[in-house]
Amino acid sequence: MRVLLLLLKNNFMRTLNINKLKRTKVAKLILYALLSIYVLISLFFSVFFYANLIADALLKYGLISYMLILFFIMAVITNFTFSIHSSKSSIFNSDDNDMLFSLPIKSGTILASRLINTIIWNLFTSLIFLIPALIVYTFKVNVGFEFYIFNIIIFIFLPIIPTVLASVVGYLIAYFTSKSNKKNFFEILISLLFVFSIYYLMYSGQKLLTLFVNNQELVAKIIKYAFYPIYVAIEALTKYNYLYLLEYILINVAVIFIYVYILKKQYKRIVSKLQENRTKSNYSMKKLKSKGQNFALITKEIKRYFSSPIYVLNTIFGVILFAVFSVTTIFMDKNKIIEM
């Protein structure tokens, strides 16, 4: 346990670049802090605004009790999507693999520390969705003390299953892309699909709500048999049932223990396998092509740009979205555009 806590502390310090921040000037630290506060406040009010719209829509149909479940599902989807990328780098392709595996530390302890570290960061991500939703819900509905107990417990265990599933998917992506020269292309594609999916769900919110109202029994069966942990959380939260809450806790604890137990035996071999690189053995001499300086520099910068999925996602998405919306305005009624 002592080694696990030490690894968690080191992972936390590496993620936040604590050592680098200690050498940063006070003026820069204040600027970083103000920027972080601004971003968090902006996200908070954005989610608060949408949560209020969703709550008003659900109140019309008498379905306000499903509001928090909807935001729990949104948090799960977000945790799963972002954990695919973070788990691939932090759990399997971490830059301290060689050092840790050379020390007398069990593979299961290293794996558990990295998995728990990812779960903790997913908890912070979930707060962005859940705190504004909880505030809106308490304004719309009278709640008791049990409400807060159930929500806190469900929230603590919420990221476990999506993080475990995402680490499996992240491993599969890392394994298959390690054999390909276009590994960044898959990450960029997955990220763009996720963001476009979020926008599509926001745009189709009214249609989805109508579909849910007209097919409540079918939706309930799908959740029960396809997403049983979510079903248990819903039953625990809506009925304040302590047996369902205990079952929810046991399911999540069992998932993480089983995952670590199965993976720890092959963890070193999996990590070393993912560090392999593909090379071509059929090299042949060809005529050397010469290019101008400007062309070579531009090509180099383009390759550097596409080498980082984060760069691409943060810069190209707005351009794509702007182009798509510009084209759609040609076919849309002017009153509809003003309404939107």
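Residues numbered from 1 in each chain as written. Predicted model: local features only at pLDDT ≥ 70, side-chain atom pairs only at ≥ 80, totals over all residues. Heavy atoms only, no water.

**Student:** Is there a simple way to explain the overall build of the chain in this structure?
**Tutor:** What the chain contains, in helices and strands, is 17 helices and 0 strands. Taken across its 340 residues, the chain has 32% of its residues classed as buried. Taking all contacts inside the chain whose residues are at least 6 apart in sequence as the whole, residues at least 24 apart take part in 80%. Per element, the accessible surface of the chain, about 22900 Å² overall, is 68% carbon and sulfur. (Helix = DSSP H or I, 4+ residues; strand = E, 2+ residues; numbered from the N terminus. Buried < 20%, exposed > 50% of the residue type's maximum accessible area, 1.4 Å probe, protein only. Contact = heavy atoms within 4.5 Å. Areas by Shrake-Rupley, 256 points an atom, 1.4 Å probe, with all protein chains shown as cover.)

**Student:** I would appreciate a short explanation of the layout of surface pockets in the present structure.
**Tutor:** Any empty space left between the atoms is revealed when a probe the size of a water molecule rolls over them. In this structure, the second largest pocket spans a volume of roughly 460 Å³. The wall of the second largest pocket is formed by 18 residues, among which Ala112, Ile116, Ile256, Phe257 and Val260 lie closest to the centre. Of all the secondary structure elements, the ones that give two or more residues to the lining of the second largest pocket are helix H6 (107-140), helix H7 (145-157) and helix H13 (242-264). With 7 residues, H6 is the single largest residue contributor to the lining of the second largest pocket. Considering only residue class, the lining of the second largest pocket consists of 14 nonpolar, 2 polar and 2 charged. (1 Å grid on protein atoms, 1.4 Å probe; cavity = no way out; pocket = protein on both sides within 12 Å on 5 of 7 lines; lining within 4 Å. Points joined across faces, edges and corners; volume = space filled by probe spheres on them. Nonpolar A, V, L, I, M, F, W, Y, C, P; charged D, E, K, R; others polar.)

**Student:** Explain the confidence of the model for the chain here, please?
**Tutor:** When pLDDT drops low, the exact placement of atoms in the prediction is not to be read closely. Taken as a whole, the chain shows an average pLDDT of 78; of its residues, 88% reach a score of 70 or greater. Within the chain, helix H10 (residues 205-214) has the poorest average pLDDT of any element, 68, and H13 the best, 88. (pLDDT = per-residue confidence, 0-100.)

**Student:** Help me out: how do you make sense of a nonpolar patch on the surface in this one?
**Tutor:** Together, Val26, Ile30, Leu34, Ile37, Ile41 and Phe45 make up an exposed nonpolar region whose accessible area comes to about 600 Å². Its location among the elements puts Val26 in helix H3 (residues 26-60). (Patch = residues over 30% accessible without salt bridge, like charges linked within 9 Å, V, L, I, M, F, W, Y side chains within 5 Å. Salt bridge = Lys/Arg side-chain N within 4 Å of Asp/Glu carboxyl O.)

**Student:** What's the story with the pattern of salt bridges in this structure? I'm lost.
**Tutor:** Close approach of charged atoms allows side chains of opposite charge to pair. A full pass over the atoms with the stated rule returns 3 salt bridges. Note that Lys239 and Glu235 form a salt bridge whose closest N and O atoms lie 2.6 Å from each other. Here the residue Lys239 and the residue Glu235 both occupy positions in helix H12 (residues 228-239), the gap between them amounting to 4 residues, near one helical turn. We classify Lys239 as exposed; its relative accessible area is 55%. For Glu235, a relative accessible area of 11% puts it in the buried group. A salt bridge links Arg304 to Glu301, with the nearest nitrogen and oxygen atoms 3.9 Å apart.

**Student:** Would you explain the nonpolar core in this entry?
**Tutor:** In globular proteins that are soluble, nonpolar side chains generally tend to be buried together. Met67, Phe71, Phe72, Leu115 and Tyr267 are the most contacted members of the largest nonpolar core, which totals 53 residues. A per-element tally of this core places H6 first, with 10 residues. Core analysis: the next-biggest nonpolar cluster, separate from the first, contains 6 residues, Ile188, Leu192, Val312 and Leu313 among them. (Core = buried A, V, L, I, M, F, W, Y, C linked by side-chain atoms within 4.5 Å.)

**Student:** What's the story with the packing of H7 against H12 in this structure? I'm lost.
**Tutor:** Relative orientation and spacing of two packed helices are given, respectively, by the angle between their axes and the distance between those axes. Close contact between H7 and H12 brings their axes to 9 Å; oriented N to C, the two are set at 165°. Judged by the inter-axis angle, H7 sits roughly antiparallel to H12. The interaxial crossing formed by H7 with H12 has left-handed handedness. In this structure, H7 uses Phe150, Asn151 and Ile154 to contact H12, whose residues at the interface are Ala233, Ala236 and Leu237. Classifying every residue of the contact of H7 with H12 gives 5 nonpolar, 1 polar and no charged. (Axes fitted to C-alpha atoms, helices over the stretch in contact; angles between N-to-C directions. Parallel < 35°, antiparallel > 145°, perpendicular 65-115°, else oblique. Left-handed = near helix turned anticlockwise from the far one by under 90°.)

**Student:** Help me understand the packing of H6 against H13, please; the structure alone is not making it clear to me.
**Tutor:** Contact geometry for H6 and H13: axes closest at 9 Å, N-to-C directions at 140°. Classified by the angle their axes make, H6 and H13 are oblique. Crossing handedness for the pair H6 and H13: right-handed. Mapping the contact onto sequence places Ser107, Gly108, Leu111, Leu115 and Ile119 in H6 and Ile256, Tyr259, Val260, Leu263 and Lys264 in H13. Counted by class, the contact of H6 with H13 contains 7 nonpolar, 2 polar and 1 charged residues.

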